[in-house]
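# A look at the structure
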Amino acid sequence: MSTKEITAPLPQTAFSFLNKLPRLKTGCPSIDTILSGGLPVCGINEICGESAVGKTQLCFQLCCNAQLPLECGGLNGYACYISTEGPPHTGRLQEIASYVANSQPFEVEWNLCDNILLSTAGTSAELLQIIREKLPVLLQIKEVKLIIIDSLTSLIRHEFDQASTIARTNLLSETLSEQHQICVVCVNQVTSIFDEPPDETKFLVRSLVEHYKDTQGQAFGHVYPTIEEFSRTKPSLGMAWAHLVTTRLFLTRTSHNVKIKIRTEIVEEEEGQITDIKKRKRTESTKTTVVEANSSVRRLSIVFSPHLRIASASFIVTTNGIEDYMP
Amino acid sequence: MESRPLDNIPLSSSTLSLLLKNGFSTVDDVINLRPSELAGELQIEPSEALDILSIIKKFSLGTIRQTQTQPQTQSFTIPASNDRITVQTAWEVIQEYDSLPTIPTLCEPLDDLLRRGIPVGSITEFCGSPGSGKTQMCIQLCLSVQLPASLFGPNSEAVYIDTEGSFMPDRAAMMAESLSTHIPQAPTVQEFLTRIHVYRPHSHTTLLATVRNLPTFLEQHPHVHLIVIDSISAPLRHQFEDGISTRNLIITEIASALNSIAKMNKIAVVCTNQLTTKPPKSQPQSEPQQEAQLLPALGDVWTQHVTHRIVLRMALQKQTLQPIRIATVLKSPVALSTTSTPFTITADGIRSSSSQTADPTDLDEQNEWEVE
C-alpha cells in the first residue's frame, strides 16, 4: 500500500472536543465519583480481577446503563456483549436490568434486556471475525454504543501468538471506538504472584492509601487498602497488552465482610422436571424469600488512566447488581 | 558526484539483471540514451525501454527518500541561512544552543538535568510502563510551551499526535486552569486548548501520512513550537505482517522526517515510547538465571534518532515508603552525572516532588537501564 494514497487525518483543536466525550456511568455512585462521571468513551477500558469478584456483574450493569439517555449518565444506544466463556447468565442479567429500570427517575418503557445484543466467540479467530465483519454491519443498522468483550484473556491466554491477536483486536476496537463514539470495555483475568509483589503493585497500594487519607476514607464508605489485597494477583497478558489499555480498573476483594440480603425466587417444581427459565411465570407457585448471606466488600481501583488519579472505591455485589458499600 | 549504481534504483530484479548483463551499471550509462537506443541494446520493446528510463530518471535525482517527500518539501520555505552548508565553530554551536528557547516541564530538577528543559531542534523521548506519566508529561508540555515565560512569545501552539486514543481534553483543561490562575499573563483555558492541534492517526500508514503532512501544516501555523507523538510505538509495534524490514524502513522514514522538521523549523519533537520485555539469555541450569529486562520498544533503529531519552518509572522511597515517581535521563548530550530526579503528578500537572530530595539510594536503581 503506498503511503501517498492515504490521506492524513485532519487535526482538531483540543478545545473543540472538550467536554464532548460522553461518560457511561456504572450506576454505583462511589465508583462514578472516582471515575469523574463514568467510563470515558475513548480508547480501551479494561476491567480486571480474580474470578467471582464482580467483573461480569459490573459488565451487565454497564450494558443496562448504556441504554439510558445521555442526561441520566447513559449513552442512549444498544449494548453489545461478546462472551467468550460460554453463554452469559441471562437470568442474572434480567435481575440487574429490572433493578436498573426501576431505579430510574423516569419510566423505562422498554425491556432493558431487549437492547443487549449477545454474541459468543469460542476462539480468537471467531472474535476477530465478529469485530472485523459482524460489528461494522451491526453498527449500520443499530446504534450500538457499548461493546464489551468478556473476556479477551480466556481466548488468548494459551495461544502462542498472543501479541498479534492482542494488537489486532486492539486496533479494530480502537478504530470502532473512534469512528462511532463507542465505549469499549475488555475484561481481563489475573495471574498469581508467587514472589514478592512487584514495585508497581506496592506503588499502587501506597498511592491508594494516600487517596484514602486525602478523602479521609469517608467520601466513599472506604475500606483501608492493604498490601495483602493486591499481593496475590496481577493483571494477565503482560506489558504488551497493558500498553494498549487506556484506563485500567482493578477489582479486588477486601478482608471486610458484610451481611447482604439475597432475594431468591423459589419455584416449587414437580419432581424430576426441569423448568425452563423462559417458561417460568410468576404464578402462586413462585415464592420470594429473603436469605441473609455473608459477602465480602470489593474494591475498584483505578490503576492508570490518562485523566484520573490513582483512587479506589468500595462496593458490594447484591441481587440488584453493584452497589455502594455503606458501613 | 559519483554516478549512482543502478541497483540503488527501484527496478524489478529481471530488468536490473538485463541491464547489468548488457553492461549498464550506473545511472549515467543509461540516462542519456533514447528509448529506441536502449530498446535496441537490450532487445526489448521501445515502450518497455521508455518505462525503464522514466523510472531511472525519476529516482536518479537524489536519494529515494528525498524524491518521495518532494511533494511536501517543495512548499517548504527554507530559511536563508540554510541555503548553503555553513561551517560553525563549536563555540558558535554552544552559543546557538544556549540562545534557543526550551520548554519547561515544570519539574525544576528535571529541567536542570536537561539544561533548562526540553530543547528544540531534536527528538526527546519519554518511555515508561503504563501509568508512569508519559501522557501527563505530554499534555503538560503542550501547555507549558504556551507560557509567557517559556520565551516562545505569545500565541505559541502545539501539535499533539495521539495514536493511542488517550488524549483527554478534560485533563488538559484541568491542568490549564491551574496555570491560568497561578501565572500572570497566562492564556485562558480556552486559549490554551484552542492552541493544541490534535491528530488521531491509528495505523502506521496514517501516522506516516500525518508526519508527511506536517510541513504543510506548519507553514499554515508558524507558531507551532512543539510536536508531541503519544505514542510512537503503538502503531509501529505489532501491525507488520510483511516483516521487520518494512517496519524499520517506516521507522527510519518517520524519524528522519521528524528530525528534519525539528531542525528546520526550530521545533521540539517529543515522543513517548512503550516498554518491551526482553527475555533473558538462556543459561545452563547450574548457573543463576537472569531476569527478564524491560527495554524501550522499537529497537536500535529508532534509538539512534532520539537525542534525549528519559525513562519514567514508579518506585517507593526506601525509608518512608512513600510512592515516588522518578525520571531518569538515559541518553542526552547535555545530561550531567546525576541523572535521576523525583517528580510528582498532581491535579495541576507535572510538578517537582514536594518530599525532600529523595534518598539517593532510591535513585541508584537504574542499573537495569544502563545495559542496552
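The rules behind each value
Residues numbered from 1 in each chain as written. Chains lettered and ligands numbered in written order. Predicted model: local features only at pLDDT ≥ 70, side-chain atom pairs only at ≥ 80, totals over all residues. Heavy atoms only, no water. UniProt positions renumbered as here; feature names shortened; annotations may be inferred. Helix = DSSP H or I, 4+ residues; strand = E, 2+ residues; numbered from the N terminus. Buried < 20%, exposed > 50% of the residue type's maximum accessible area, 1.4 Å probe, protein only. Contact = heavy atoms within 4.5 Å. Areas by Shrake-Rupley, 256 points an atom, 1.4 Å probe, with all protein chains shown as cover. Salt bridge = Lys/Arg side-chain N within 4 Å of Asp/Glu carboxyl O. Buried area = accessible area lost by both parts, 1.4 Å probe. Polar contact = N/O pair within 3.5 Å; in protein donor to acceptor, adjacent residues only side chain to side chain. Nonpolar A, V, L, I, M, F, W, Y, C, P; charged D, E, K, R; others polar. Pairing = 2+ DSSP bridges. Phe/Tyr/Trp six-rings, centres within 6.5 Å; stacked < 30°, edge-to-face > 60°. Axes fitted to C-alpha atoms, helices over the stretch in contact; angles between N-to-C directions. Parallel < 35°, antiparallel > 145°, perpendicular 65-115°, else oblique. Left-handed = near helix turned anticlockwise from the far one by under 90°. Lys, Arg positive; Asp, Glu negative; His and termini not counted. pLDDT = per-residue confidence, 0-100.

Under the annotation held in an unreviewed UniProt entry, chain B carries the name DNA repair protein RAD51 homolog 3 and is attributed to Blattamonas nauphoetae. UniProt's Subcellular location (unreviewed entry) comment on chain B is quoted here verbatim: "Nucleus".

As named in an unreviewed UniProt entry, chain A is DNA repair protein XRCC3 like protein, taken from Blattamonas nauphoetae. Per UniProt, chain A carries the Subcellular location (unreviewed entry) text "Nucleus".

## Describing the overall build of chain B
In terms of helices and strands, chain B carries 16 helices and 13 strands. With 372 residues in all, chain B has 52% of them scored as buried.

## Quick word on the overall build of chain A
Along the backbone of chain A there are 9 helices and 14 strands. Looking at chain A as a whole, 55% of its 327 residues qualify as buried. For chain A, contacts bridging at least 24 residues in sequence account for 75% of all contacts bridging at least 6. Within the structure as shown, chain A displays about 15,400 Å² of accessible surface, and the carbon and sulfur contribution to it stands at 50%.

## Observations concerning the pattern of salt bridges
Counting across every chain of the model gives 10 salt bridges over all chains. The partner of R299 of chain A in a salt bridge is E229 of chain A, and the shortest N-O contact between them spans 2.7 Å. A residue pair is termed long-range when its members are at least 10 positions apart, and R299 of chain A in strand β12 (residues 286–304) and E229 of chain A in helix α8 (residues 227–231) qualify at 70 residues. Summarising the burial analysis for this pair, R299 of chain A and E229 of chain A share the class buried. Here R200 of chain B and D162 of chain B are joined by a salt bridge, their closest N and O atoms 3.1 Å apart.

## Thoughts on the interface of chain A and chain B
Contacts between the two partners involve 44 residues from chain A and, on the opposite side, 54 residues from chain B. Sorting the residues of chain A by area buried against chain B places F203, M239 and H243 of chain A first, and these three jointly supply 16% of that buried surface. Viewed at the interface, chain B and chain A are joined by 1 salt bridge. Notably, a salt bridge pairs R23 of chain A with D170 of chain B, separated by 2.8 Å at the nearest N-O pair. Inspection of the chain A/chain B interface yields 7 residue pairs in polar contact (both at pLDDT 80 or more). Of all elements in the fold, only β1 (12–13), α6 (162–180), α7 (199–214) and α9 (238–242) of chain A reach the threshold of two or more residues within the side of chain A that touches chain B. Considering each element in turn, the side of chain A that touches chain B owes the most residues, 7 residues, to α7 of chain A. Looking at the side of chain A that touches chain B residue by residue, the classes come out as 23 nonpolar, 11 polar and 10 charged. The pairing of β1 of chain A with strand β5 (residues 196–199) of chain B spans 2 bridges and is classified as antiparallel. In the strand pairing of β5 of chain B, T13 of chain A is matched with H197 of chain B.

## A few points about the packing of aromatic side chains
Any pair of aromatic rings gets described here by the distance separating the centres and the angle formed by the planes. Counted by the stated rule, this structure contains 6 aromatic pairs over all chains. Look at Y160 of chain B and F167 of chain B: their rings are 4.5 Å apart centre to centre, the planes differ by 50°, and that puts the pair in the tilted class. Ring geometry for Y199 of chain B and F217 of chain B: centres 5.8 Å apart, planes at 70°, overall edge-to-face. Here Y199 of chain B is found in strand β5, whereas its partner F217 of chain B is found in helix α11 (residues 204–220), with 18 residues between them in sequence. Look at F217 of chain B and you get buried, because its relative accessible area is 7%. Members of the aromatic cluster, each reached through a chain of ring pairs, are F17 of chain A together with Y160 and F167 of chain B.

## Quick word on the sheet that holds strand β3 (residues 123–128) of chain B
Across the sheet, which stays open at both edges, the 10 strands sit in the order β1(A)-β5(B)-β4(B)-β6(B)-β7(B)-β3(B)-β10(B)-β11(B)-β12(B)-β13(B) with mixed pairing between neighbours. Each end of this open sheet is capped by a strand with a single partner; those strands are β1 of chain A together with β13 (349–352) of chain B. In the sheet, β3 of chain B pairs with strand β10 (residues 308–316) of chain B via 5 bridges, with the strands oriented parallel. Bridge assignment links G128 of chain B to a residue of β10 of chain B, and that residue is L312 of chain B.

## Considering the side chain of E125 of chain B
All names here are of chain B. Residue placement: E125 occurs in strand β3. Judged by relative accessible area, which is 0%, E125 ranks as buried. A polar contact of 2.5 Å, which involves the side chain of E125, links it to the side chain of W302. In terms of polar contacts, E125 uses its side chain to reach the side chain of R309, at 2.5 Å. Among all residues touching E125, those that are not within four sequence positions of it are C271, N273, P296, W302, V306, H308, R309 and I310.

## A word on the packing of helix α2 (residues 55–65) of chain A against helix α3 (residues 90–102) of chain A
Residue and element names in this part refer to chain A. Where α2 meets α3, the closest approach of the two axes is 9 Å, and the angle between their N-to-C directions is 45°. Classified by the angle their axes make, α2 and α3 are oblique. Both α2 and α3 take part in a crossing whose hand is right-handed. Of α3, the residues touching α2 (which contributes Q57, F60, Q61, C64 and N65) are R92, L93, I96, A97 and V100.

## Observations concerning the side chain of E157 of chain B
Topologically, E157 of chain B is positioned in strand β4 (residues 157–162). Buried charge E157 of chain B goes without a salt bridge, the closest partner of opposite sign being R195 of chain B at 6.2 Å.

## Some remarks on helix α8 (residues 134–144) of chain B
Among the 11 residues in α8 of chain B, 11 count as buried, and that is most of the element. Of all the positions in α8 of chain B, only K134, T135, Q136, M137, C138, I139, Q140, L141, C142, L143 and S144 of chain B are classed as buried.

## Quick look at the confidence of the model for chain B
Detailed reading of predicted coordinates is not advised where the pLDDT is low. All names here are of chain B. With 81% of its residues at a pLDDT of at least 70, chain B reaches an overall mean of 79. Looking across chain B, the model is least confident in helix α5 (residues 64–73), with a mean pLDDT of 41, and most confident in strand β7 (residues 268–273), with 93. Contacts from residues 62–83, a stretch scored under 50 in pLDDT, to residues over four places away or in other chains number 28 contacts. For residues 366–372, every residue scores under 50 in pLDDT, and the model assigns this stretch 15 contacts once sequence neighbours within four places are set aside.

## Some points on the environment of K266 of chain B
Residues and elements named next belong to chain B. Among the secondary structure elements, K266 is positioned in the loop between α13 (244–265) and β7. The exposure class assigned to K266 is partly exposed, which follows from its relative accessible area of 35%. Along the sequence, K266 and P101 sit 165 residues apart, while their C-alpha atoms lie 9.1 Å from each other. In this view, K266 contacts E96, L100, V120, G121, H225 and I261; residues no more than four positions away in its chain are not counted.

## So, the packing of helix α3 (residues 35–42) of chain B against helix α4 (residues 46–59) of chain B
How two helices sit against one another is set out by the angle between their axes and by the gap between those axes. Residue and element names in this part refer to chain B. The N-to-C vectors of α3 and α4 enclose an angle of 110°; their axes lie 8 Å apart at closest approach. Relative to α4, the element α3 lies roughly perpendicular. The chirality of how α3 crosses α4 is right-handed. Across from P35, L38, A39 and L42 in α3, the residues of α4 making contact are P46, A49, L50, I52 and L53.

## Thoughts on unusual backbone geometry
Put simply, D150 of chain A and S151 of chain A share a cis peptide bond, and its omega is -10°. Of the consecutive residues D230 of chain B and S231 of chain B, the connecting peptide bond is found in the cis state with omega at -5°. Within the fold, S231 of chain B resides in the loop between β6 (224–230) and α12 (234–237). The backbone of L106 of chain B sits at a positive phi, close to 70°, despite the residue not being glycine. Along the chain, the position of L106 of chain B falls in the loop between β1 (102–103) and α7 (108–113). Phi at K266 of chain B is positive, roughly 55°, even though this residue is not glycine.

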